[in-house]
Amino acid sequence: MTLDRKQIRVIFLFEFQVGRKAVETTRNISNAFGAGTANERPVLWWFKKICKGDESLKDEECRGRPSEVDNDQLKAIIKADPLTTT
């Protein structure tokens, strides 16, 4: 069974609420759904976020550098001459 991010985060929230530690949570998820399903570092990050009172399970916007490419313009260029992009 493969879990998506939101499902895994719900498990993080549950495990936090019942008082488990990040190491236990990682082990529990890996035992139940397979090795590599959860890693301790993201579990720690989510536990800290939840501890601060933020129980939102949504992805946050990336704070990286914004794209300088106009996606609509790029699509138009590819559509106009698809052979030059291969």
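Residues numbered from 1 in each chain as written. Predicted model: local features only at pLDDT ≥ 70, side-chain atom pairs only at ≥ 80, totals over all residues. Heavy atoms only, no water.

### Thoughts on the overall build of the protein chain
Inference 1: Counting its regular elements, the protein chain contains four helices and zero strands.
Inference 2: Order of helices (α) and strands (β) in the protein chain, N terminus to C terminus: α-α-α-α.
Inference 3: Taking 86 residues into account, the globule formula puts the C-alpha radius of gyration at 12 Å, and the protein chain, at 20 Å, lies well above it.
Inference 4: Expressed along its principal axes, the backbone C-alpha trace of the protein chain runs to roughly 55 × 30 × 15 Å.
Inference 5: Sequence-distant contacts in the protein chain: of pairs separated by 6 or more residues, those separated by 24 or more amount to 46%.
Inference 6: On the protein chain, roughly 7200 Å² of surface is accessible, and the fraction owed to carbon and sulfur atoms is 53%.
Inference 7: Looking at charge distribution, the protein chain has the averaged site of its 15 positive side-chain charges lying 5 Å from that of its 13 negative ones. (Helix = DSSP H or I, 4+ residues; strand = E, 2+ residues; numbered from the N terminus. Rg over C-alpha atoms; globule rule 2.2 N^0.38 Å. Contact = heavy atoms within 4.5 Å. Areas by Shrake-Rupley, 256 points an atom, 1.4 Å probe, with all protein chains shown as cover. Lys, Arg positive; Asp, Glu negative; His and termini not counted. Charge placed at Lys NZ, Arg CZ, Asp CG, Glu CD.)

### Quick word on the packing of helix α1 (residues 5-17) against helix α3 (residues 40-51)
Inference 1: The geometry of α1 relative to α3 is characterised by a closest axis approach of 10 Å and an angle of 60 degrees between their N-to-C directions. Put simply, α1 runs oblique to α3. The handedness of the crossing between α1 and α3 comes out as right-handed. Each of Arg9, Phe12, Leu13, Glu15 and Phe16 in α1 lies in contact with α3, whose residues at this interface are Val43, Trp46, Phe47, Ile50 and Cys51.
Inference 2: In terms of residue class, the contact of α1 with α3 is built from eight nonpolar, no polar and two charged. (Axes fitted to C-alpha atoms, helices over the stretch in contact; angles between N-to-C directions. Parallel < 35°, antiparallel > 145°, perpendicular 65-115°, else oblique. Left-handed = near helix turned anticlockwise from the far one by under 90°. Nonpolar A, V, L, I, M, F, W, Y, C, P; charged D, E, K, R; others polar.)

### Observations regarding a nonpolar patch on the surface
Inference 1: Among the surface-exposed residues, Val69, Leu74 and Ile78 lie close enough to one another that they form a single nonpolar patch of about 240 Å² accessible area.
Inference 2: Checked against the element boundaries, Val69 lands in the loop between α3 and α4 (71-80). (Patch = residues over 30% accessible without salt bridge, like charges linked within 9 Å, V, L, I, M, F, W, Y side chains within 5 Å. Salt bridge = Lys/Arg side-chain N within 4 Å of Asp/Glu carboxyl O.)

### Describing the side chain of Lys49
Inference 1: Relative to the assigned elements, Lys49 resides in helix α3.
Inference 2: Residue Lys49 is classed as buried on the basis of its relative accessible area of 8%.
Inference 3: A polar side-chain atom of Lys49 sits 3.3 Å from the main-chain carbonyl oxygen of Ser56.
Inference 4: Those residues in contact with Lys49 that sit more than four places away from it in its chain are Asp54, Ser56, Lys58 and Glu60. (Buried < 20%, exposed > 50% of the residue type's maximum accessible area, 1.4 Å probe, protein only. Polar contact = N/O pair within 3.5 Å; in protein donor to acceptor, adjacent residues only side chain to side chain.)

### Description of the environment of Asp54
Inference 1: In this structure, Asp54 sits in the loop between α3 and α4.
Inference 2: Overall, Asp54 belongs to the partly exposed group, its relative accessible area being 30%.
Inference 3: Each C-alpha atom of the pair Asp54 and Asn28 lies 23 Å from the other, and the pair is 26 residues apart in sequence.
Inference 4: In this structure the side chain of Asp54 is engaged in a polar contact, spanning 3.0 Å, whose partner is the backbone nitrogen of Ser56.

Spatial relationships are all this shows, so hold off on functional conclusions.
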